[in-house]
Amino acid sequence: PALAAHPQVLAGRRVVVSAGPTFEDIDPVRYLGNRSSGKMGFAIAEAARELGAEVVLVAGPVHLPTPPGVTRVDVRSARQMRDAVIAALAPQADLYVGAAAVADYSPVQGADHKIKKTSATLTLELARTPDILAEVAQRTPRPRLVVGFAAETQNLAAYARGKLYAKNVDVIAANAVSGAESAFERDDNALHVFWDQGETEIARAPKRDVARRLLALVAERLEAGA
Ligand code: CTP
Ligand code: CA
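Bear in mind the structure is a predicted one, so any value in this text is a computation, not a measurement.

S.K.: So what's going on with the UniProt feature "binding site: CTP" (unreviewed entry) in the chain? Which residues, and what values?
M.R.: Here the UniProt feature "binding site: CTP" (unreviewed entry) sits at D104, K114, P130, D131, I132, L133, F149, K163 and K167. For the annotated residues, spread through 64 residues, the largest C-alpha to C-alpha distance comes to 37.3 Å, inconsistent with a single compact locus. Among the annotated residues just listed, those that line the largest pocket are D104, P130, D131, I132, L133, F149, K163 and K167. Inspection of the secondary structure assignment puts D104 in the loop between strand 6 (95-98) and strand 7 (105-107). The contact partners of D104, leaving out residues within four places of it in the chain, are A127, R128 and T129. Setting aside anything within four residues of it in sequence, one finds I132 in contact with A78, M81, R82, V85, Y96 and V102.

The structure is reproduced here in C-alpha coordinates:
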(Lines give C-alpha, C1' and ligand atoms only; values in the text may rest on other atoms or scores of the structure.)
(Ligands and ions follow the chains in the order given, each with its own letter.)
Protein backbone atom coordinates (compact mmCIF):
# COMPACT_ATOMS: atom_id res chain seq x y z
CA PRO A 1 0.00 0.00 0.00
CA ALA A 2 1.16 3.57 -0.69
CA LEU A 3 2.55 5.60 2.21
CA ALA A 4 -0.36 8.00 1.90
CA ALA A 5 -2.77 5.16 2.66
CA HIS A 6 -1.70 5.28 6.30
CA PRO A 7 -2.27 8.19 8.69
CA GLN A 8 1.22 9.63 9.19
CA VAL A 9 1.08 9.47 12.99
CA LEU A 10 4.86 9.02 13.22
CA ALA A 11 5.79 11.75 10.71
CA GLY A 12 8.98 13.52 11.76
CA ARG A 13 9.81 10.87 14.38
CA ARG A 14 13.15 9.06 14.46
CA VAL A 15 12.68 5.39 15.33
CA VAL A 16 15.27 2.70 16.06
CA VAL A 17 14.15 -0.94 16.00
CA SER A 18 16.22 -4.01 16.90
CA ALA A 19 15.13 -7.35 15.48
CA GLY A 20 16.09 -10.99 15.13
CA PRO A 21 18.32 -13.18 17.27
CA THR A 22 21.96 -12.64 18.13
CA PHE A 23 24.57 -15.33 17.57
CA GLU A 24 27.40 -15.69 20.07
CA ASP A 25 30.33 -17.52 18.55
CA ILE A 26 31.79 -20.50 20.37
CA ASP A 27 34.36 -21.30 17.69
CA PRO A 28 34.59 -20.64 13.93
CA VAL A 29 31.81 -23.18 13.15
CA ARG A 30 29.47 -23.01 16.17
CA TYR A 31 27.39 -20.44 17.97
CA LEU A 32 24.84 -19.98 20.76
CA GLY A 33 21.66 -18.58 19.30
CA ASN A 34 18.11 -17.71 20.06
CA ARG A 35 14.94 -18.92 18.36
CA SER A 36 13.80 -15.80 16.58
CA SER A 37 12.74 -15.32 12.97
CA GLY A 38 13.04 -11.52 13.16
CA LYS A 39 9.61 -11.19 11.54
CA MET A 40 7.98 -9.20 14.36
CA GLY A 41 10.79 -6.63 14.49
CA PHE A 42 10.92 -6.31 10.71
CA ALA A 43 7.14 -5.81 10.64
CA ILE A 44 7.48 -3.04 13.25
CA ALA A 45 10.21 -1.31 11.23
CA GLU A 46 8.10 -1.54 8.07
CA ALA A 47 4.97 -0.26 9.83
CA ALA A 48 6.87 2.63 11.47
CA ARG A 49 8.11 3.70 8.04
CA GLU A 50 4.60 3.47 6.57
CA LEU A 51 3.37 5.68 9.42
CA GLY A 52 5.90 8.35 8.41
CA ALA A 53 8.90 7.73 10.67
CA GLU A 54 12.57 7.76 9.74
CA VAL A 55 13.59 4.22 10.68
CA VAL A 56 16.88 2.50 11.46
CA LEU A 57 16.58 -1.29 11.77
CA VAL A 58 19.40 -3.05 13.62
CA ALA A 59 19.09 -6.65 12.48
CA GLY A 60 20.63 -9.79 13.89
CA PRO A 61 21.47 -12.67 11.54
CA VAL A 62 18.22 -13.31 9.63
CA HIS A 63 17.41 -13.76 5.96
CA LEU A 64 14.61 -11.25 5.55
CA PRO A 65 14.26 -8.50 2.95
CA THR A 66 14.81 -4.93 4.14
CA PRO A 67 11.48 -3.06 4.31
CA PRO A 68 11.27 -0.23 1.74
CA GLY A 69 12.67 3.09 2.94
CA VAL A 70 14.22 1.59 6.08
CA THR A 71 17.94 1.97 6.88
CA ARG A 72 19.31 -1.42 7.90
CA VAL A 73 22.40 -2.21 9.97
CA ASP A 74 23.34 -5.90 10.13
CA VAL A 75 24.99 -7.31 13.24
CA ARG A 76 25.75 -10.76 14.64
CA SER A 77 26.45 -10.67 18.38
CA ALA A 78 24.78 -8.96 21.35
CA ARG A 79 27.83 -6.73 21.77
CA GLN A 80 27.66 -5.66 18.11
CA MET A 81 23.91 -5.07 18.41
CA ARG A 82 24.45 -2.91 21.49
CA ASP A 83 27.07 -0.78 19.71
CA ALA A 84 24.92 -0.41 16.57
CA VAL A 85 21.81 0.54 18.57
CA ILE A 86 23.68 3.16 20.62
CA ALA A 87 25.16 4.62 17.41
CA ALA A 88 21.74 4.66 15.70
CA LEU A 89 20.09 6.54 18.59
CA ALA A 90 22.12 9.69 17.83
CA PRO A 91 21.02 12.34 17.15
CA GLN A 92 18.11 12.01 19.54
CA ALA A 93 15.77 9.20 18.52
CA ASP A 94 12.16 9.60 19.65
CA LEU A 95 11.42 5.90 19.97
CA TYR A 96 13.37 2.69 20.55
CA VAL A 97 11.65 -0.66 20.04
CA GLY A 98 13.71 -3.59 21.33
CA ALA A 99 12.17 -6.52 19.47
CA ALA A 100 15.37 -8.54 19.22
CA ALA A 101 15.82 -11.87 20.99
CA VAL A 102 19.22 -10.94 22.40
CA ALA A 103 21.34 -13.81 23.73
CA ASP A 104 21.63 -13.43 27.49
CA TYR A 105 25.04 -15.11 27.70
CA SER A 106 28.06 -15.28 25.45
CA PRO A 107 31.19 -17.47 25.61
CA VAL A 108 33.84 -15.75 27.73
CA GLN A 109 36.45 -16.71 25.18
CA GLY A 110 35.59 -17.62 21.60
CA ALA A 111 38.02 -20.29 20.31
CA ASP A 112 40.15 -19.33 17.30
CA HIS A 113 39.98 -22.88 15.98
CA LYS A 114 37.28 -25.54 15.85
CA ILE A 115 36.92 -27.25 19.23
CA LYS A 116 37.70 -30.97 18.80
CA LYS A 117 35.72 -33.69 20.63
CA THR A 118 38.59 -34.87 22.79
CA SER A 119 36.66 -35.29 26.04
CA ALA A 120 33.39 -36.93 27.16
CA THR A 121 32.02 -33.67 28.54
CA LEU A 122 32.56 -30.06 27.67
CA THR A 123 32.01 -27.04 29.87
CA LEU A 124 31.64 -23.61 28.32
CA GLU A 125 32.13 -20.55 30.46
CA LEU A 126 29.54 -17.89 29.60
CA ALA A 127 29.27 -14.26 30.65
CA ARG A 128 26.18 -12.02 30.66
CA THR A 129 25.74 -9.85 27.60
CA PRO A 130 24.92 -6.13 27.91
CA ASP A 131 21.19 -5.51 28.44
CA ILE A 132 20.58 -3.21 25.47
CA LEU A 133 17.00 -2.31 26.41
CA ALA A 134 17.91 -1.38 30.00
CA GLU A 135 20.89 0.65 28.83
CA VAL A 136 18.84 2.59 26.27
CA ALA A 137 16.11 3.29 28.84
CA GLN A 138 18.58 4.46 31.48
CA ARG A 139 20.95 6.61 29.44
CA THR A 140 20.87 10.37 28.91
CA PRO A 141 19.63 11.62 26.57
CA ARG A 142 17.02 8.92 26.37
CA PRO A 143 14.50 8.30 23.57
CA ARG A 144 11.18 9.76 24.63
CA LEU A 145 9.60 6.33 24.46
CA VAL A 146 11.30 2.98 25.02
CA VAL A 147 9.39 -0.19 24.14
CA GLY A 148 10.57 -3.66 25.09
CA PHE A 149 9.33 -7.15 24.41
CA ALA A 150 9.03 -9.98 26.89
CA ALA A 151 9.08 -13.59 25.81
CA GLU A 152 7.55 -15.68 28.58
CA THR A 153 6.56 -19.31 29.00
CA GLN A 154 4.69 -18.71 32.30
CA ASN A 155 3.44 -15.92 34.63
CA LEU A 156 3.31 -13.59 31.65
CA ALA A 157 1.76 -10.56 33.33
CA ALA A 158 3.95 -10.66 36.42
CA TYR A 159 7.21 -11.13 34.53
CA ALA A 160 6.29 -8.53 31.90
CA ARG A 161 5.43 -5.91 34.52
CA GLY A 162 8.62 -6.82 36.38
CA LYS A 163 10.64 -6.01 33.24
CA LEU A 164 8.75 -2.74 32.76
CA TYR A 165 9.87 -1.46 36.14
CA ALA A 166 13.27 -3.15 36.41
CA LYS A 167 14.44 -1.73 33.08
CA ASN A 168 12.66 1.65 33.35
CA VAL A 169 10.94 1.14 29.99
CA ASP A 170 7.63 2.77 29.03
CA VAL A 171 5.86 -0.12 27.32
CA ILE A 172 6.36 -3.90 27.38
CA ALA A 173 4.80 -6.07 24.69
CA ALA A 174 4.61 -9.62 25.98
CA ASN A 175 4.15 -12.79 24.03
CA ALA A 176 3.70 -16.35 25.15
CA VAL A 177 6.41 -18.54 23.75
CA SER A 178 5.36 -22.04 24.65
CA GLY A 179 2.81 -24.47 23.28
CA ALA A 180 0.32 -23.68 20.53
CA GLU A 181 0.50 -19.96 21.29
CA SER A 182 4.21 -19.77 20.54
CA ALA A 183 5.19 -16.75 18.43
CA PHE A 184 8.26 -18.40 16.96
CA GLU A 185 8.52 -18.82 13.21
CA ARG A 186 4.90 -17.80 12.72
CA ASP A 187 3.48 -15.11 10.53
CA ASP A 188 0.92 -14.08 13.10
CA ASN A 189 1.23 -13.05 16.74
CA ALA A 190 -0.81 -11.94 19.73
CA LEU A 191 0.50 -9.47 22.30
CA HIS A 192 -0.35 -8.42 25.81
CA VAL A 193 0.86 -4.84 26.18
CA PHE A 194 1.67 -3.29 29.56
CA TRP A 195 2.52 0.27 30.62
CA ASP A 196 2.61 2.01 33.98
CA GLN A 197 -1.06 3.03 34.02
CA GLY A 198 -2.66 0.27 32.02
CA GLU A 199 -2.63 -2.71 29.73
CA THR A 200 -4.34 -3.99 26.61
CA GLU A 201 -4.45 -7.05 24.40
CA ILE A 202 -3.69 -7.08 20.72
CA ALA A 203 -5.59 -10.03 19.28
CA ARG A 204 -3.90 -12.66 17.14
CA ALA A 205 -3.38 -11.30 13.64
CA PRO A 206 -0.71 -11.18 10.94
CA LYS A 207 2.47 -9.63 12.38
CA ARG A 208 2.14 -6.55 10.14
CA ASP A 209 -1.31 -5.79 11.59
CA VAL A 210 -0.09 -6.40 15.14
CA ALA A 211 2.86 -4.07 14.41
CA ARG A 212 0.50 -1.30 13.24
CA ARG A 213 -1.70 -1.67 16.30
CA LEU A 214 1.28 -1.57 18.64
CA LEU A 215 2.66 1.54 16.91
CA ALA A 216 -0.74 3.27 16.99
CA LEU A 217 -0.71 2.77 20.74
CA VAL A 218 2.86 4.03 20.99
CA ALA A 219 2.17 7.06 18.75
CA GLU A 220 -0.70 8.04 21.06
CA ARG A 221 1.65 7.93 24.04
CA LEU A 222 4.26 9.99 22.13
CA GLU A 223 1.60 12.59 21.34
CA ALA A 224 0.44 12.68 24.94
CA GLY A 225 3.97 13.43 26.11
CA ALA A 226 4.75 15.89 23.29
N1 CTP B 1 17.05 -7.46 25.93
C2 CTP B 1 18.11 -6.65 25.58
N3 CTP B 1 19.39 -7.07 25.83
C4 CTP B 1 19.62 -8.26 26.43
C5 CTP B 1 18.54 -9.10 26.78
C6 CTP B 1 17.25 -8.67 26.52
O7 CTP B 1 17.92 -5.56 25.04
N8 CTP B 1 20.88 -8.65 26.66
C9 CTP B 1 15.68 -6.97 25.67
C10 CTP B 1 14.92 -7.75 24.62
O11 CTP B 1 15.15 -7.21 23.32
C12 CTP B 1 13.47 -7.52 25.06
C13 CTP B 1 13.57 -7.39 26.56
O14 CTP B 1 14.94 -7.09 26.85
O15 CTP B 1 12.97 -6.30 24.54
C16 CTP B 1 13.16 -8.60 27.33
O17 CTP B 1 13.84 -9.75 26.88
P18 CTP B 1 13.59 -11.12 27.62
O19 CTP B 1 14.53 -12.16 27.08
O20 CTP B 1 12.12 -11.42 27.64
O21 CTP B 1 13.97 -10.76 29.14
P22 CTP B 1 15.34 -10.68 29.90
O23 CTP B 1 15.41 -9.31 30.49
O24 CTP B 1 16.49 -11.06 29.04
O25 CTP B 1 15.14 -11.71 31.09
P26 CTP B 1 14.92 -13.31 31.02
O27 CTP B 1 15.47 -13.81 29.68
O28 CTP B 1 15.66 -13.82 32.20
O29 CTP B 1 13.43 -13.53 31.11
CA1 CA C 1 16.50 -13.02 27.80
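Having put the structure on the table, let's press on.
S.K.: Pulling in residues and values, what's your account of the nonpolar core?
M.R.: With 39 residues, the main nonpolar core has I44 and F149 as its most contacted residues. Discounting residues that sit within four places of it in the chain, F149 has contacts with M40, I44, V97, G98, A99, I172, A173, N175, L191 and L214.

S.K.: Report on the packing of aromatic side chains, specifying residues and quantitative values.
M.R.: Under the criterion given, the structure shown has one aromatic pair. Relative to Y31, the ring of F23 lies with its centre 3.8 Å away and its plane at 15°, an arrangement referred to as stacked. Under the relative-accessibility criterion, Y31 is labelled partly exposed at 42%.

S.K.: Explain a nonpolar patch on the surface to me, and be specific about the residues and the numbers.
M.R.: A contiguous nonpolar patch, built from Y105, L122, L124 and L126 and spanning about 380 Å² of accessible area, is present on the exposed surface. Relative to the elements of secondary structure, L124 occurs in the loop between strand 7 and strand 8 (126-128).

S.K.: Provide a residue-level description of the pairing of strand 4 (residues 54-59), including the pertinent values.
M.R.: Where burial is concerned, most of strand 4 is hidden: five out of the six residues are buried. Here strand 1 (residues 14-19) runs beside strand 4; their pairing, made up of six bridges, is parallel. Residue pairing for strand 4: A19 is matched across the bridge by A59.

S.K.: Now, about helix 1 (residues 39-50): what can you tell me, with residues and values included?
M.R.: Helix length check: helix 1 (12 residues) gives 16 Å between terminal C-alpha atoms against 16 Å at 1.5 Å per residue, within 8%. Taken across its 12 residues, helix 1 has nine buried, putting it largely inside the fold.

S.K.: Describe the site of ligand 1, with residues and values.
M.R.: The full set close to ligand 1 counts 15 residues, and G98, A100, L133, K163 and K167 are the nearest of them. Within the backbone of P130, one N or O atom sits 2.8 Å away from a nitrogen atom of ligand 1. L133 places a polar main-chain atom, nitrogen or oxygen, 2.8 Å from an oxygen atom of ligand 1. Here ligand 1, which alone exposes 570 Å², has 76% of that area covered by the protein. If you map ligand 1 onto the pockets, it falls in the largest pocket. Within the residue set of the shell around ligand 1, elements represented by two or more residues are helix 3 (132-138) and strand 9 (145-152). A total of four residues in the shell around ligand 1 trace back to one element, the largest contributor, which is strand 9. Here the shell around ligand 1 is composed, by residue class, of eight nonpolar, three polar and four charged.

Rules used in this analysis
- Residues numbered from 1 in each chain as written.
- Chains lettered and ligands numbered in written order.
- Predicted model: local features only at pLDDT ≥ 70, side-chain atom pairs only at ≥ 80, totals over all residues.
- Heavy atoms only, no water.
- UniProt positions renumbered as here; feature names shortened; annotations may be inferred.
- 1 Å grid on protein atoms, 1.4 Å probe; cavity = no way out; pocket = protein on both sides within 12 Å on 5 of 7 lines; lining within 4 Å.
- Helix = DSSP H or I, 4+ residues; strand = E, 2+ residues; numbered from the N terminus.
- Contact = heavy atoms within 4.5 Å.
- Core = buried A, V, L, I, M, F, W, Y, C linked by side-chain atoms within 4.5 Å.
- Buried < 20%, exposed > 50% of the residue type's maximum accessible area, 1.4 Å probe, protein only.
- Phe/Tyr/Trp six-rings, centres within 6.5 Å; stacked < 30°, edge-to-face > 60°.
- Patch = residues over 30% accessible without salt bridge, like charges linked within 9 Å, V, L, I, M, F, W, Y side chains within 5 Å.
- Areas by Shrake-Rupley, 256 points an atom, 1.4 Å probe, with all protein chains shown as cover.
- Salt bridge = Lys/Arg side-chain N within 4 Å of Asp/Glu carboxyl O.
- Pairing = 2+ DSSP bridges.
- Expected span 1.5 Å × (residues − 1).
- Near = heavy atom within 4 Å.
- Polar contact = N/O pair within 3.5 Å; in protein donor to acceptor, adjacent residues only side chain to side chain.
- Sits in = over half its atoms within 2 Å of the grid points.
- Nonpolar A, V, L, I, M, F, W, Y, C, P; charged D, E, K, R; others polar.

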